[in-house]
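As a plain string of letters, each chain reads:
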Amino acid sequence: MVTAASPLLARLLAHPIATDVAVIGQDGVTGGAGTYGAIFARARGLSFVLRAGRPSLMGARVAFLASPGRPWVDSLLAILLAGGCAVPLSPLHTAPELAHAIAATDPVALITTREFEARLAPHLAGRKLWMADDRHLPPHGREADVAATDDALILFTSGTTGQPKGVVHTHGGLAATLAALDEAWRWRRGDRLLHVLPLHHTHGVVVALLGAMWAGATARFAPFDAKEVWDLLGESSVLMAVPTMHFKLMEAYRAADDATRARWVEGARQLRLITSGSAALPASLLEEIAAATGQTILERYGMTEIGMALSNPYEGPRVPGAVGAPLPGVEVDVCDESGAPVATGEPGELRVRSPQMFRAYFGDEAATAAAFDAQGRFLTGDTGTRDAQGVFRLLGRTSSDILKSGGYKLSALEIEATLLQHPAIAEVAVIGLPDEQWGDRVTACVVLRAEQALSLDALRGWAKERLAPYKLPRALEVLAELPRNPMGKVQKQALKARFA
Ligand code: MCA
Ligand code: AMP
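Here the structure is a predicted model, which means the values were calculated and not measured.

Chemist: So what's going on with the site of ligand 2? Which residues, and what values?
Modeler: Looking at ligand 2, there are 16 residues lining it, with Arg300, Thr304, Asp382, Arg397 and Lys404 nearest. Within the side chain of threonine 157, one N or O atom sits 3.2 Å away from an oxygen atom of ligand 2. Backbone polar atom of serine 278 to a nitrogen atom of ligand 2: 3.2 Å apart, as the coordinates give it. When the free accessible area of ligand 2 is taken as 500 Å², the share hidden by the protein chains comes to 92%. Looking at the shell around ligand 2, the elements with two or more residues in it are β12 (298-303) and β19 (392-397).

What follows is the structure, encoded as structure tokens:
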């Protein structure tokens, strides 16, 4: 047995393993292979292979690429059991994006399935590639000692500088997130989570998947398709989604006939919890969903670095347009630029202190240090207010270089650096324009080289080899010149005002 000083592994390994189902894959097939027992048996076998005789991987990174399903979960648990730090890669990412994630974390090995073997082959650089869908020998001998302070997971997040940064979370930090959500949202062993989120971000990996597993509940993976999600609600007790998904669900509902609507509403009514996060849920959308289904969505606020910070209550009023109050153990201050608290109701930057906090940006001590103030509070870059009842509202971000599209955080600078490589583009500024479906609509404002022409389709076609689909511009504006201030900096607010 693992001598699990890791509170995360201790909790997961304590579940009644033989019968309870942890995971149902996208094929919808339930059964023996998805029980906690079967998953841990396979993960243990793979963890011994990864260690290759070493007592522990001692926090060395192992990257993995798989579709949502059992091999994905087997891989994550195998890495954790081996004392390694898991780096989930995304099937949505292009070759240059995969290359960045692998180069930035320098994994000792990679894991994948037959489906993605060829995609990873160019990135191995001599590293060992293990197959999650192979049978591995049962474990033998002593298991790794894993401590609460050991690194567990690296997730990438976009910043205001260049390429995405790897955010390192420890076993103890993840356990703090999961314990807080378990308490706040009343997770139960009998819960059936409908899991439709991508597995390379906090929302899908930590809040949804590990949230369910912390409680010994079942996560059923399904690709996000609005009609299919409605059809599956009747078999589920919890749905977690980003606002764009809620938007698409209501779009499908409006287009459905009466009999279909009645069936969908019946399924939705018996859920015990529907959440929204990763971007602002418009109050009008919350109200429309409540009127149709009787379900008031629980909106919460978090960030890759800090885990989950604020949540509307499970019991008690959920305020449309608000993100609730701090979760257990979390402190959130609303501050002016000097870090002093602002008056109740006044806007300021949210600064956070929390046991869920990340340990570091991988390999970047300077960026890690710069992310905190002198009092050790994380600088979120989000502006918000707290009212007299202690309820928080978010107003926006301090930087216009950070965009949110469909719940994905995007760096305008990363997209600009890529688009600048296009032979027709001389200058580029990427802005987010308000969009009721996507949050921000990624808009490329470009100045073309002499005698060049460019269409949106041509630009997207060229860029899709280099950027994940959700980073591609959805609009193109061709300008004679970009508005700049006397220092030469592009005035993005002026561009936004012009095209919004
Ligand atoms: C897909 N497309 C997008 C996006 N997603 N374009 C812009 N922004 C996006 N986010 C593209 C598709 O590639 C396709 O392009 C076109 O839009 C239409 O696709 P559609 O089928 O309508 O969309 P979809 O494929 O169903 O995707 C929508 C989605 C997806 C399901 C909402 O974006 C998604 O899974 N978002 C979740 C992101 C997430 O988990 N964020 C959490 C970050 P084409 O027409 O060219 O084929 S963690 C976080 O934020 C913190 C910690 C927190 O608080 O949770
Ligand atoms: P990420 O860096 O991908 O983890 O995204 C975190 C960011 O998403 C936060 O800093 C917020 O800007 C945004 N966010 C998360 N939840 C909410 C919410 N409920 N309302 C508005 N913005 C949110």
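Next, the rest of the story.
Chemist: I'd like a rundown of the site of ligand 1, residues and numbers included.
Modeler: Inspection of the region around ligand 1 gives 26 residues, with Lys248, Ser278, Arg300, Ser405 and Arg474 positioned closest. The contact in question runs from an oxygen atom of ligand 1 to an N or O atom on the side chain of lysine 404, over 2.7 Å. When the free accessible area of ligand 1 is taken as 1,000 Å², the share hidden by the protein chains comes to 74%. Secondary-structure elements contributing two or more residues to the shell around ligand 1 are α7 (202-214), α9 (243-255), β12 and β20 (402-405). Split by residue class, the shell around ligand 1 holds 11 nonpolar, 10 polar and 5 charged.

Chemist: Kindly report on the pattern of salt bridges, identifying the contributing residues and their values.
Modeler: Following the criterion strictly, the structure yields 27 salt bridges and no others. For the salt bridge of aspartate 191 with arginine 272, the shortest nitrogen-to-oxygen distance reads 2.7 Å. In this pair, aspartate 191 sits in the loop between α6 (171-185) and β8 (192-195) while arginine 272 sits in the loop between α10 (258-269) and β11 (273-276), placing the two residues 81 residues apart along the sequence. Both residues of the pair, aspartate 191 and arginine 272, belong to the buried class. With a shortest N-O distance of 2.9 Å, aspartate 231 and arginine 263 are connected by a salt bridge. Of this pair, aspartate 231 sits in helix α8 (residues 226-232) while arginine 263 sits in helix α10, placing them 32 residues apart in sequence. For aspartate 231, a relative accessible area of 41% translates into the label partly exposed.

Chemist: Provide a residue-level description of the packing of α6 against α7, including the pertinent values.
Modeler: α7 packs onto α6 with a crossing angle of 75 degrees between their chain directions and a minimal axis gap of 10 Å. What the angle tells us is that α6 and α7 run roughly perpendicular. Between α6, through Leu174, Ala175, Thr177, Leu178, Ala179, Leu181, Asp182 and Trp185, and α7, the contact on the second element is made entirely by Val206, Val207, Leu210, Gly211 and Trp214. Tallied by class, the residues present in the contact of α6 with α7 amount to 10 nonpolar, 2 polar and 1 charged.

Chemist: So what's going on with the sheet that holds β19? Which residues, and what values?
Modeler: Think of a sheet as strands paired side by side through backbone hydrogen bonds, with each pair either parallel or antiparallel. Strands sit in the order β15-β16-β18-β19 across an open sheet of 4 strands; the sheet is antiparallel. Edge strands, defined here as strands with exactly one partner in the open sheet, are β15 (331-335) and β19. Neighbour-to-neighbour, the strand axes of the sheet open up by a mean angle of 45 degrees, direction not taken into account. Looking at chain direction, strand β16 (residues 348-353) and strand β18 (residues 378-386) are connected through 4 bridges and run antiparallel.

Chemist: Please give an account of the pairing of strand β23 (residues 439-448) that cites residues and values.
Modeler: With 8 of its 10 residues buried, β23 lies for the most part within the structure. Two strands pair when backbone bridges link them, and strand β22 (residues 425-435) and β23 are joined in this way by 10 bridges, in the antiparallel orientation. Bridged to glycine 432 within β23 is valine 442. The hairpin formed by β22 and β23 contains 3 residues between the paired strands.

Chemist: Describe helix α15 (residues 492-499), listing the residues and the values that go with them.
Modeler: Within the span of α15, buried status applies to Lys492, Leu495 and Phe499. Buried residues along α15 cover an arc of 60 degrees about the axis, so they all sit on one side. Facing away from the buried side of α15 by over 90 degrees, the exposed positions are Gln493 and Ala497. Next to the buried residues of α15 lie α13 (412-419), β22, β23 and β24 (475-478).

Chemist: I'd like to hear about the sheet that holds strand β10 (residues 238-241), residue by residue, with values.
Modeler: Spatially, β1-β9-β8-β10-β11-β12-β13-β14 is the arrangement adopted by the 8 strands of the open sheet, whose pairing is mixed. Each edge of the open sheet carries a strand with a single partner, namely β1 (23-24) and β14 (325-326). Strand direction decides the pairing type here: β1 and strand β9 (residues 218-221), joined by 2 bridges, are parallel. Residue isoleucine 24 lies in a different strand from β9, and its bridge partner there is arginine 220.

Chemist: How would you explain the packing of α9 against α10 if you had to name every residue and give the values?
Modeler: Packing of α9 against α10 leaves a shortest axis separation of 8 Å and a crossing angle of 140 degrees. Taken as axis vectors, α9 and α10 run oblique relative to one another. Note on element contacts: α10 touches α9 through Arg261, Trp264 and Val265, opposite Ala252, Tyr253 and Arg254.

Chemist: For the packing of aromatic side chains, give the residues involved together with the corresponding values.
Modeler: Using the criterion set out here, one finds 8 aromatic pairs in the structure. Between tryptophan 230 and tyrosine 253, the ring centres sit 5.6 Å apart and the planes meet at 35 degrees, which makes this aromatic pair tilted. Remark: tyrosine 253 occurs in helix α9 and tryptophan 230 occurs in helix α8; sequence separation between them is 23 residues. Plain terms: the ring middles of phenylalanine 358 and phenylalanine 378 are 5.7 Å apart, the flat faces sit at 85 degrees to each other, and that makes the pair edge-to-face. Highlighted residues: phenylalanine 358 in the loop between β16 and β17 (360-361) and phenylalanine 378 in strand β18, separated in sequence by 20 residues. The exposure classification of phenylalanine 358 matches that of phenylalanine 378, with both residues buried. Joined through ring pairs, the aromatic side chains of Phe358, Tyr361, Phe372 and Phe378 make up one cluster. We note arginine 51 situated over the ring of phenylalanine 48; from NZ or CZ to the ring centre the distance is 4.7 Å.

Thresholds applied
Residues numbered from 1 in each chain as written. Chains lettered and ligands numbered in written order. Predicted model: local features only at pLDDT ≥ 70, side-chain atom pairs only at ≥ 80, totals over all residues. Heavy atoms only, no water. Near = heavy atom within 4 Å. Polar contact = N/O pair within 3.5 Å; in protein donor to acceptor, adjacent residues only side chain to side chain. Areas by Shrake-Rupley, 256 points an atom, 1.4 Å probe, with all protein chains shown as cover. Helix = DSSP H or I, 4+ residues; strand = E, 2+ residues; numbered from the N terminus. Nonpolar A, V, L, I, M, F, W, Y, C, P; charged D, E, K, R; others polar. Salt bridge = Lys/Arg side-chain N within 4 Å of Asp/Glu carboxyl O. Buried < 20%, exposed > 50% of the residue type's maximum accessible area, 1.4 Å probe, protein only. Axes fitted to C-alpha atoms, helices over the stretch in contact; angles between N-to-C directions. Parallel < 35°, antiparallel > 145°, perpendicular 65-115°, else oblique. Contact = heavy atoms within 4.5 Å. Pairing = 2+ DSSP bridges. Arc of directions from axis to C-beta. Phe/Tyr/Trp six-rings, centres within 6.5 Å; stacked < 30°, edge-to-face > 60°. Lys NZ or Arg CZ within 6 Å of the ring centre and 35° of its normal.

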